[in-house]
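Close look at the chain arrangement
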Amino acid sequence: MIRYTLACERQHSFESWFQNSAAYDKQAKRGLVTCPVCNSSKVEKAIMAPRLARADVPEPPPPVPTPPAAAPPAPQAKTAVAIMSSQERELRQKLKELRDHVTKNANYVGPKFPEEARKIHYGETEHRSIYGEASPDEAKALHEEGIEFHPLPILPDDQN
Ligand SMILES: [Zn+2]
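Residues numbered from 1 in each chain as written. Predicted model: local features only at pLDDT ≥ 70, side-chain atom pairs only at ≥ 80, totals over all residues. Heavy atoms only, no water.

1. Details of the overall build of the chain
- The number of helices and strands found in the chain is 4 helices and 5 strands.
- Along the chain, from the amino end to the carboxyl end, the secondary structure elements read β-β-α-β-α-β-α-β-α.
- Within the chain, contacts between residues separated by at least 24 positions form 41% of all contacts whose residues are at least 6 apart in sequence.
- For the chain, the accessible area works out to roughly 13,300 Å², and carbon and sulfur atoms hold 54% of it. (Helix = DSSP H or I, 4+ residues; strand = E, 2+ residues; numbered from the N terminus. Contact = heavy atoms within 4.5 Å. Areas by Shrake-Rupley, 256 points an atom, 1.4 Å probe, with all protein chains shown as cover.)

2. With respect to the pairing of strand S2 (residues 13-18)
- Summarising the sheet, strand S1 (residues 2-8) and S2 pair through 6 bridges and their orientation is antiparallel. Each bridged residue has a counterpart across the sheet, and for Thr5 the counterpart in S2 is Glu15.
- Hairpin connection, S1 to S2: the antiparallel pair is bridged by 4 residues, and Gln11 has positive phi, about 65°. (Pairing = 2+ DSSP bridges.)

3. Side note on the coordination of the zinc ion
- Binding of the zinc ion to the protein goes through Cys8 (SG), His12 (ND1), Cys35 (SG) and Cys38 (SG), at separations of 2.0 to 2.3 Å.
- If you look at the zinc ion, its 4 donor atoms make angles of 101 to 116° with each other, and the shape they trace is tetrahedral.
- For Cys8, a relative accessible area of 3% puts it in the buried group. (Donors = N, O, S within 2.8 Å, 3.2 Å for Na, K, Ca; no water. Tetrahedral: all angles 85-135°; square planar, octahedral: opposite > 155°, others 65-115°. Buried < 20%, exposed > 50% of the residue type's maximum accessible area, 1.4 Å probe, protein only.)

4. Notes on the environment of Glu15
- Mapped onto the fold, Glu15 is located in strand S2.
- With relative accessibility at 48%, the residue Glu15 sits in the partly exposed group.
- A C-alpha to C-alpha distance of 6.8 Å links Glu15 and Arg3, two positions 12 residues apart in sequence.
- With near-sequence residues (within four places) excluded, Glu15 lies in contact with Arg3, Tyr4 and Thr5.
- A polar atom in the side chain of Glu15 sits 3.5 Å from the side chain of Arg3. (Polar contact = N/O pair within 3.5 Å; in protein donor to acceptor, adjacent residues only side chain to side chain.)

5. Details of the sheet that holds strand S3 (residues 43-45)
- The 3 strands are arranged S2-S1-S3 in an open sheet whose pairing can be described as antiparallel. Strands at the two margins of the open sheet, each flanked by one partner only, are S2 and S3. Strand after strand, the sheet turns through a mean of 40° between neighbouring axes, direction not considered.
- As paired strands, S1 and S3 are joined by 3 bridges and run antiparallel to one another. Directly across from Ala7, in S3, lies its bridge partner Glu44.
- Taken strand by strand, helix H1 (residues 21-29) contacts S1, S2 and S3, and its axis lies near 30° from that of S1. (Axes fitted to C-alpha atoms, helices over the stretch in contact; angles between N-to-C directions.)

See the structure below:
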């Protein structure tokens, strides 16, 4: 059995059961399907409006991810960034000046920094300003030997 919603030529809407769609076609053709209101046999299957989802039901808001209580340390690959006040910008400028001063006035020794730093520390060579690179392990070893040095301030500009 199949149920059709039908409408006559005067737009009376009614429902009727048929054995199947072929049975409906056959009966409609023969004028056997009539409107119960006006008895017209000019009936057609009504165009069904699709049921629209209710638009007035609000969607549940997406869950807001809650940040973990203790943020894990930032991965090395990320660049530290900050919104700075004018004082901090001034400090940053001073760091840049310090860095520029060091790099202009000190000798760049590159990866030989630990070696050169030791020579200076142990008086094997004249005391002078040097700068270069040291791995975290090398830096730790130098500190343990009591060799004083400072990391050069790294500015985001340097990474361009
Ligand atoms: Zn009718």
